[in-house]
Amino acid sequence: MSEDMNDDRVSGPVDPTTTAAWSALEAHREATTPDLAGWFAADPQRARRLSLEVGDLFVDLSKNLVTDETVEALLQLAEQTGVLARRDAMFAGEHINVTEDRAVLHTALRRPPGASPALVVDGQDVDADVQAELGKVFEFADAVRSGRWTGVTGKRITHVVNIGIGGSDLGPVMAYEALKPYVQAGLECRFVSNIDPTDVAETTKDLDPETTLFIVASKTFGTLETLTNARLARAWLWRELSAAGALQDSDEARRDAVAQHFVAVSTALQKVADFGIDPANAFGFWDWVGGRYSVDSAIGTSLAVAVGPEAFREFLAGFHAVDEHFRTTEPARNVPLLMGLLNVWYVNFLGAHTHAVLPYSQYLHRFAAYLQQLTMESNGKSVRYDGEPVTTDTGEVFWGEPGTNGQHAFYQLIHQGTRVIPADFIAFATPAHPLVDEAADGADVHALFMANFFAQTKALAFGKSAEEVRAEGTAEDVVPARVFSGNRPTTSIMAPSLTPSVLGQLIALYEHVTFVEGAVWGIDSFDQWGVELGKKLALEIAPALTGDTAALDAQDPSTGSLIRYYLEHRAN
Ligand code: F6P
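Residues numbered from 1 in each chain as written. Predicted model: local features only at pLDDT ≥ 70, side-chain atom pairs only at ≥ 80, totals over all residues.

*Asks:* Help me out: how do you make sense of the sheet that holds strand 6 (residues 159-163) in this one?
*Replies:* Pairing in this open sheet of 5 strands is parallel, and the strands run 7-6-8-9-10 from one edge to the other. Lying at the two open borders of the sheet, with one neighbouring strand each, are strand 7 (188-192) and strand 10 (282-284). On average, each strand axis in the sheet is tilted by 20° relative to the strand beside it, whichever way the strands run. The pairing of strand 9 (residues 262-266) with strand 10 spans 3 bridges and is parallel. Its bridge partner lying in strand 10, Ala264 is registered against Ala282. Along the sheet, helix 6 (residues 126-146) makes contact with strand 8 (212-217), strand 9 and strand 10, crossing strand 10 at roughly 145°. (Pairing = 2+ DSSP bridges. Helix = DSSP H or I, 4+ residues; strand = E, 2+ residues; numbered from the N terminus. Axes fitted to C-alpha atoms, helices over the stretch in contact; angles between N-to-C directions. Contact = placed C-beta atoms within 7 Å.)

*Asks:* It is not clear to me how the site of the ligand should be interpreted in this structure. Could you clarify?
*Replies:* What surrounds the ligand is a group of 14 residues, the closest being Gly166, Gly167, Ser218, Thr223 and Gly291. Tallied by class, residues from the shell around the ligand come to 2 nonpolar, 9 polar and 3 charged. (Near = placed C-beta within 6 Å. Nonpolar A, V, L, I, M, F, W, Y, C, P; charged D, E, K, R; others polar.)

*Asks:* Quick question: what am I supposed to make of unusual backbone geometry here?
*Replies:* The omega torsion of the bond from Ser116 to Pro117 falls at -5°, within 30 degrees of zero and hence cis. Within the secondary structure layout, Pro117 lies in the loop between helix 5 (83-92) and strand 4 (118-121). In this chain, Gly403 is followed by Thr404 through a cis amide linkage whose omega measures 5°. Within the secondary structure, Thr404 sits in the loop between strand 12 (397-399) and helix 15 (411-416). Positive phi values are uncommon outside glycine, yet Asp122 reaches one of about 50°. As for its placement among the helices and strands, Asp122 is situated in the loop between strand 4 and strand 5 (124-125).

Below, the structure is given as structure tokens:
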């Protein structure tokens, strides 16, 4: 049996502020004073009731500023704004990316081989296409990992440089960093994204051209940064191979070098060919995969090379487990649904402008950067998908750093500042490096690390009263500065360890949280028109920087004066 989902049944958004649930939430907010200590004292089951599991993730929502009444009203809001219907439309391949008239099917990228019924969208057997492309990526990954794929002089590849930006960079680099313990010995990936020439220069400066492979990753294959960096990398390759006496001075030799040292990932395979990369060395994906949702497509080729097909399959299985949870679990136990609704509660009812994500794992040091694109490019919108203005605040700022570094930098503001900052704390029970501090009686360093994780959410939730501060003998005039109000909301997410599957689960969790928020607000979380104007203006401004006086004179006074400063002060 197959499901032909080529049927655009997307209906218009519901204005959330007109729903009964919205009014109920407003009244509830007015009537409720957050009191986490009191709520825990009154309900010994609170932690147990509000702790849920999704895949390998244990998610404790109990330190959020909600009562059962809040959760019930938020679930009503989801129902009254059609969140679940929109979820089902997404999984079914309806064109819920309205402004680009596209299906949104990143969930199809991680359906297991042989999934039944087959998913057919717009007449395309999506499952077959996904598995075929994955097979190509894996074959390539195996060839590089085994040494079958060599550079033009026959040497084994030791360094893979992914050239991409946005979704064609942030996912691969974040996942590569997160899964370092799984990377094959003797292989290293690097990532070039910025058009600041420093990036390409620093990344290539100590590389051996004979053992370096570039992956040019660009959904559109039209992104200025990526194409510029790809040309710089190609020039570097030719120059360095020549300098090593490993390249003849002929077009054919240069072509051969590109064939062995460049592959591409894109939905625009003709443009890949135009760049000079053999289409046989190009891996495709589809316009129904948004850039920021693409790490599990061929965009993850660098990761597949680094960790190998088996680990990559586990990564995909992790995503799929959370997809299935989101698709099938009843609302009251549906973790991405609840987390997305909590975010709506904080943004629209409690005035939160930002959301911190604080992984207690050094391996997740790029996770917040990755989430920034996922969440903010998705939900940074002020019109709904029917073109009408939104009726309420949308898209909070996501930010974060790994603990414990953040504790010594910005946690002060989370603990004692004037703003509500919901924070997600993420940690793993088993360390990748179980080190002990011999000089401190053999202290288990991971346990110390975890003690900080537990301490922070406890301090944020329960604070420290003036009485407690006084009881420590604190001078009266310093007491106010040392009081912690508590009632600062956190979600704790734990897993046994940071495996490829768990990483996939975490990413899928946040993808769906982002989806839920966007669905309540009635926005298209899958377009990104807001990045276009700056790109266009950069192309218009560029001539003004290279002597086109008419282009310079056409600028507004501020921009013109900044360009003149640049022209006067550049050293060469
Ligand atoms: O400019 C924003 C954006 O379009 C992102 O959405 C995307 O991930 C990034 O640029 C890179 O695009 P591409 O993969 O097409 O090079």
